[in-house]
Amino acid sequence: MQLDLATLRTRNLPRTLAFFEEMDERRLFLRPPTASRSKPSSAMKDKHMTPLSDSRAIVIGGTSGIGAALADALEMRGAEVVRASRATGLDLANGASLPGWFDAQGPFDHLVVTAGSQAPGGGFGALDLNAARAAFDVKFWGSARAAQAGAALIRPGGTITLTSGFLARRATPGSFTKTAMNAAIEATAKLLANELAPLRVNVVSPGLTDTEAYAAMPEDKRIAMLTGAAGRLPAGRVAQPQDVAAGYLFAIETPSVTGAVIDIDGGALIA
Ligand SMILES: NC(=O)c1ccc[n+]([C@@H]2O[C@H](COP(=O)([O-])OP(=O)(O)OC[C@H]3O[C@@H](n4cnc5c(N)ncnc54)[C@H](OP(=O)(O)O)[C@@H]3O)[C@@H](O)[C@H]2O)c1
């Protein structure tokens, strides 16, 4: 028998009636959206959309490796990019200079920090903790200082993307400095994503990536390291800087991504 609201009313079934009335109400929300409903309001549009072609990005570490590949990719999409590093006069180890440096840049949309590839390795027992601390000063404190000095200048809809590394979550003996430093960056980015919202804050975590960071190695050893790693990785390849740059673009261009760690490591964490 087909029950409709009129029948239920005449049969005095108040609870069933209430249920069907509620469902009838809800059907309103199940209807296909009308043209005017499906159109995002201009407030939503302003808050969430950051067209790269009109944007300005600062990439600290943008003169080499992953940062340079990202700066190229951003420029190809029409963004104006400031490539910063010691080579252009910005040293993250010199924290006192950062607020003035950012103020001189003026407003911008996206801050990316890739700087800081040097960190001492070796067993913890004999590790030079002063060298470990110096690496922390550049990569961890440098990222934190850049985020603090830059955040106020970032326009609505903007982002901060920091850089960690797969050793943050892969407990590999001899990697104390990189593990501690990168884990601290990942935890910090999640905290800042909450605290600085609606500004979005994310992290890209690269695995071994074929960049200038290994340029000082003898060529045969460098090739052997990269080939050996590629053979052990589920992806069967070591990342190129452009592969990792795609992670920052994803973080920048995807309005619902914040507090995320984007792993681009060839599967190093599951190998
Ligand atoms: N390549 C990998 O296998 C790998 C793996 C895991 C994680 N990562 C991480 O990914 C990031 C990028 O690595 P990469 O391989 O692209 O390194 P890279 O080619 O050596 O580039 C590092 C960049 O950081 C800048 N930099 C270094 N120290 C700085 C300082 N004190 N102040 C300002 N800028 C500084 C360098 O320029 P100047 O020398 O001019 O300052 C350069 O532009 C690093 O954070 C690294 O830890 C890399």
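See the structure shown above.
Residues numbered from 1 in each chain as written. Predicted model: local features only at pLDDT ≥ 70, side-chain atom pairs only at ≥ 80, totals over all residues.

### Side note on the overall build of the protein
Next, step 1: The helix and strand inventory of the protein stands at 10 helices and six strands.
Next, step 2: For the protein, buried positions account for 37% of its 271 residues. (Helix = DSSP H or I, 4+ residues; strand = E, 2+ residues; numbered from the N terminus. Buried ≥ 20, exposed ≤ 12 C-beta atoms within 10 Å, placed from the backbone.)

### Considerations on the site of the ligand
Next, step 1: Around the ligand, a shell composed of 28 residues is seen, among which Gly65, Ser85, Arg86, Ala87 and Gly165 lie nearest.
Next, step 2: Put simply, the parts of the chain that give the shell around the ligand at least two residues each are α5 (65-76) and α7 (129-151).
Next, step 3: Tallying contributions element by element places α5 first for the shell around the ligand, with three residues.
Next, step 4: Here the residues of the shell around the ligand are counted per class, giving 11 nonpolar, 13 polar and four charged. (Near = placed C-beta within 6 Å. Nonpolar A, V, L, I, M, F, W, Y, C, P; charged D, E, K, R; others polar.)

### Some words on the nonpolar core
Next, step 1: In this structure, Ala57, Val59, Ile60 and Leu70 are the most contacted members of the largest nonpolar core, which totals 51 residues.
Next, step 2: Considering each element in turn, this core owes the most residues, six residues, to α5.
Next, step 3: Residues contacting Ala57, with those up to four places away along its chain left out, are Leu74, Ala79, Val81, Phe108, Asp109, His110 and Val112. (Core = buried A, V, L, I, M, F, W, Y, C linked by C-beta atoms within 7 Å. Contact = placed C-beta atoms within 7 Å.)

### Description of helix α10 (residues 241-253)
Next, step 1: Taking 1.5 Å of rise per residue, 13 residues should cover 18 Å, and α10 covers 18 Å from first to last C-alpha, within 8% of that figure.
Next, step 2: Residues Pro241, Asp243, Val244, Ala245, Gly247, Tyr248, Ala251 and Ile252 constitute the buried set of α10.
Next, step 3: Contact partners of the buried residues in α10: α5, β3 (108-113), β4 (154-163), β5 (200-206) and β6 (261-264). (Expected span 1.5 Å × (residues − 1).)

### Concerning the pairing of β3
Next, step 1: In terms of burial, β3 is largely enclosed, as six of its six residues are buried.
Next, step 2: Sheet topology places strand β1 (residues 56-60) next to β3; four bridges connect them, and they run parallel. Opposite Ala57, over in β3, you have His110 as the bridge partner.
Next, step 3: Where β3 lies against β4, four bridges are found, and the strand directions are parallel. Among the inter-strand pairings, Phe108 is bridged to a residue of β4, identified as Ile154. (Pairing = 2+ DSSP bridges.)

### Considerations on the sheet that holds β3
Sheet strands pair by backbone hydrogen bonding; their relative direction is either parallel or antiparallel.
Next, step 1: Pairing within the open sheet is parallel, and its six strands lie in the order β2-β1-β3-β4-β5-β6. This sheet does not close on itself; its edge strands, each paired only once, are β2 (80-84) and β6. Adjacent strand axes in the sheet meet at a mean angle of 20°, parallel and antiparallel pairs treated alike.
Next, step 2: Where β1 lies against β2, five bridges are found, and the strand directions are parallel. Counterpart to Arg56 in the pairing with β2 is Glu80. (Axes fitted to C-alpha atoms, helices over the stretch in contact; angles between N-to-C directions.)

### Looking at the environment of Leu249
Next, step 1: With respect to the secondary-structure elements, Leu249 resides in helix α10.
Next, step 2: A count of 16 C-beta atoms within 10 Å places Leu249 in the partly exposed class.
Next, step 3: As for Leu249 and Leu74, which are separated by 175 residues in sequence, their C-alpha atoms are 7.8 Å apart.

### Quick word on the pairing of β5
Next, step 1: In terms of burial, β5 is largely enclosed, as seven of its seven residues are buried.
Next, step 2: Alternating positions in β5 separate into two faces, Arg200, Asn202, Val204 and Pro206 on one and Val201, Val203 and Ser205 on the other, with burial throughout.
Next, step 3: Where β5 lies against β6, four bridges are found, and the strand directions are parallel. Within the sheet, the bridge partner assigned to Val203 lies in β6 and is Val261.

### Here's the deal with the environment of Ile154
Next, step 1: Take Ile154: it is sitting in strand β4.
Next, step 2: Looking at Ile154, the number of C-beta atoms within 10 Å reads 22, which means it is buried.
Next, step 3: The spacing of Ile154 and Arg56 is 98 residues in sequence and 9.5 Å in space, taken between C-alpha atoms.
Next, step 4: Apart from residues no more than four positions distant in its own chain, Ile154 is found in contact with Phe108, Asp109, Leu111 and Leu199.

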